[in-house]
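# Chain and residue survey
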Amino acid sequence: MIVCHCHGVTDREIRACVQNGARTPTDVGDHCGASTGCGGCTELVAEIVHGERRRLCMVKSDVAAAPRAQSSAMAG
Ligand code: FES
């Protein structure tokens, strides 16, 4: 879905920016131009950035928890 019509940026591109290290909507704008034109997409870009960051944190915490679950299962 195109999120930023000024620059033709999709939600997938915004998520990819976050996966590649962008931490803020400004970082995303620096990388792909999203929300650097009319500003009409600014709130949606911020929502997508924060949602993807939350998702990545959950994935990382799941990965971090996995070895503990395995080792406690082995001990018990
Ligand atoms: S629609 Fe994104 S800056 Fe205009």
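We now turn to the structure provided with this report. Just so you know, these numbers come straight off a predicted model, no measurement behind them.

Another aspect to go through is the packing of helix α1 (residues 11–19) against helix α2 (residues 25–32). As a packed pair, α1 and α2 sit with axes 10 Å apart at the nearest point and diverge in direction by 110°. What the angle tells us is that α1 and α2 run roughly perpendicular. For the pair α1 and α2, the contacting residues are Ile-14, Cys-17 and Val-18 in the first and Val-28, His-31 and Cys-32 in the second. Looking at the contact of α1 with α2 residue by residue, the class counts come to five nonpolar, one polar and no charged.

This paragraph deals with α1. Turning to α1, its buried residues number three or more, namely Asp-11, Ile-14, Cys-17 and Val-18. What you see down the axis of α1 is that its buried residues fit within an arc of 120°, all on one side. With its phi angle positive at about 120°, Gly-21 sits one or two positions after the end of α1.

Our next topic: the side chain of Glu-52. Mapped onto the elements of the fold, Glu-52 is located in helix α3 (residues 42–75). Its relative accessible area of 3% is what places Glu-52 among the buried residues. With near-sequence residues (within four places) excluded, Glu-52 lies in contact with Arg-15, Val-18 and Gln-19.

A positive phi is found at Ser-35, a non-glycine position, where the angle reads about 70°. Within the fold, Ser-35 resides in the loop between α2 and α3.

Mapped onto the elements of the fold, Cys-38 is located in the loop between α2 and α3. The exposure class assigned to Cys-38 is exposed, which follows from its relative accessible area of 65%. Sequence-wise, Cys-38 and Cys-4 are 34 residues apart; in three dimensions their C-alpha atoms are separated by 9.3 Å.

Thresholds, definitions, all that
- Residues numbered from 1 in each chain as written.
- Predicted model: local features only at pLDDT ≥ 70, side-chain atom pairs only at ≥ 80, totals over all residues.
- Heavy atoms only, no water.
- Axes fitted to C-alpha atoms, helices over the stretch in contact; angles between N-to-C directions.
- Helix = DSSP H or I, 4+ residues; strand = E, 2+ residues; numbered from the N terminus.
- Parallel < 35°, antiparallel > 145°, perpendicular 65-115°, else oblique.
- Contact = heavy atoms within 4.5 Å.
- Nonpolar A, V, L, I, M, F, W, Y, C, P; charged D, E, K, R; others polar.
- Buried < 20%, exposed > 50% of the residue type's maximum accessible area, 1.4 Å probe, protein only.
- Arc of directions from axis to C-beta.

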